[in-house]
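The chain contents come next:
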Amino acid sequence: MLCNNCNKNIATFHYKKIINGQKTELNLCAECASEMGYMTSFHETFDFGSALNDFLGITSSHAKIICPSCGTDHATFKKTGRLGCEDCYKHFKSTIDEILPSIQPGREHKGKIAGENSAEFLKKKKINDLKENLKKAILDERYEDAAKFRDEIKKEEENL
């Protein structure tokens, strides 16, 4: 798709707004979007963390959290909405757990899985989920449910 403004470059910026039922769409290249003022730095204009904290009523009890691996502190995470490394997920877990439900419906990826082995991967994942449900049912002493999970696991393993 070409840029609506210059009709030369490929559009990489897509802007859509709906006001009173009237839809406006712009498809611009980066150069035109920047010239028209759409490409200001998101992090300079919007404090992701502050907005979420204000919305959720999160206090500053997390302010002293610092990831020892990369040095990302809570203020940086709060300002940018980004974590510095994989270890940040462990150290900022309590903050993430507070924010995540308001951003997305669950903690598990539900999107597409690419590759030749995607069907096999999904079957193994289903079996693992069933095994977790089996463990929970046994711990909760729901033996009828546990038997159903056991039977379903056997059935899935036979089809693998």
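For clarity, every value in this text was computed on a predicted model and none was experimentally measured.

(A) Representation of helix α8 (residues 143-159) in the model. The terminal C-alpha atoms of α8, which comprises 17 residues, lie 24 Å apart, in line with the 24 Å expected from a rise of 1.5 Å per residue. Listing the buried residues of α8 in full gives A146, F149, I153 and E156. Buried residues of α8 fall within an arc of 90° about the axis and therefore sit on the same side. In α8, the exposed positions angled more than 90 degrees off the buried face are occupied by E144, K148, K155 and E158. Those residues of α8 that are buried lie in contact with α7 (118-139).

(B) Structural context of unusual backbone geometry. Even without being glycine, N7 reaches a positive phi, approximately 55°. Structurally, N7 is set in the segment before β1 (13-19). Unlike most non-glycine residues, E141 shows phi in positive territory, near 60°. Positionally, E141 belongs in the loop between α7 and α8. E141 gets classed as exposed once you look at its relative accessible area, which sits at 58%.

(C) Broad picture of the pairing of β1. Summarising the sheet, β1 and strand β2 (residues 22-28) pair through 7 bridges and their orientation is antiparallel. Bridge assignment links Y15 to a residue of β2, and that residue is L26. If you look at the hairpin formed by β1 and β2, you'll find 2 residues sitting between the two strands, and N20 has a positive phi there, around 50°.

(D) Molecular detail of the pattern of salt bridges. Inspection of every chain in the model, using the stated rule, returns 10 salt bridges. With a shortest N-O distance of 3.5 Å, K90 and D87 are connected by a salt bridge. Take K90: its relative accessible area is 60%, and that puts it in the exposed class. Note that E132 is salt-bridged to K135, the shortest N-O span being 3.9 Å. You can see E132 and its partner K135 sitting in helix α7, 3 residues apart, about one turn around the helix. Judged by its relative accessible area of 41%, E132 is partly exposed.

Cut-off values and rules
- Residues numbered from 1 in each chain as written.
- Predicted model: local features only at pLDDT ≥ 70, side-chain atom pairs only at ≥ 80, totals over all residues.
- Heavy atoms only, no water.
- Helix = DSSP H or I, 4+ residues; strand = E, 2+ residues; numbered from the N terminus.
- Expected span 1.5 Å × (residues − 1).
- Buried < 20%, exposed > 50% of the residue type's maximum accessible area, 1.4 Å probe, protein only.
- Arc of directions from axis to C-beta.
- Contact = heavy atoms within 4.5 Å.
- Pairing = 2+ DSSP bridges.
- Salt bridge = Lys/Arg side-chain N within 4 Å of Asp/Glu carboxyl O.

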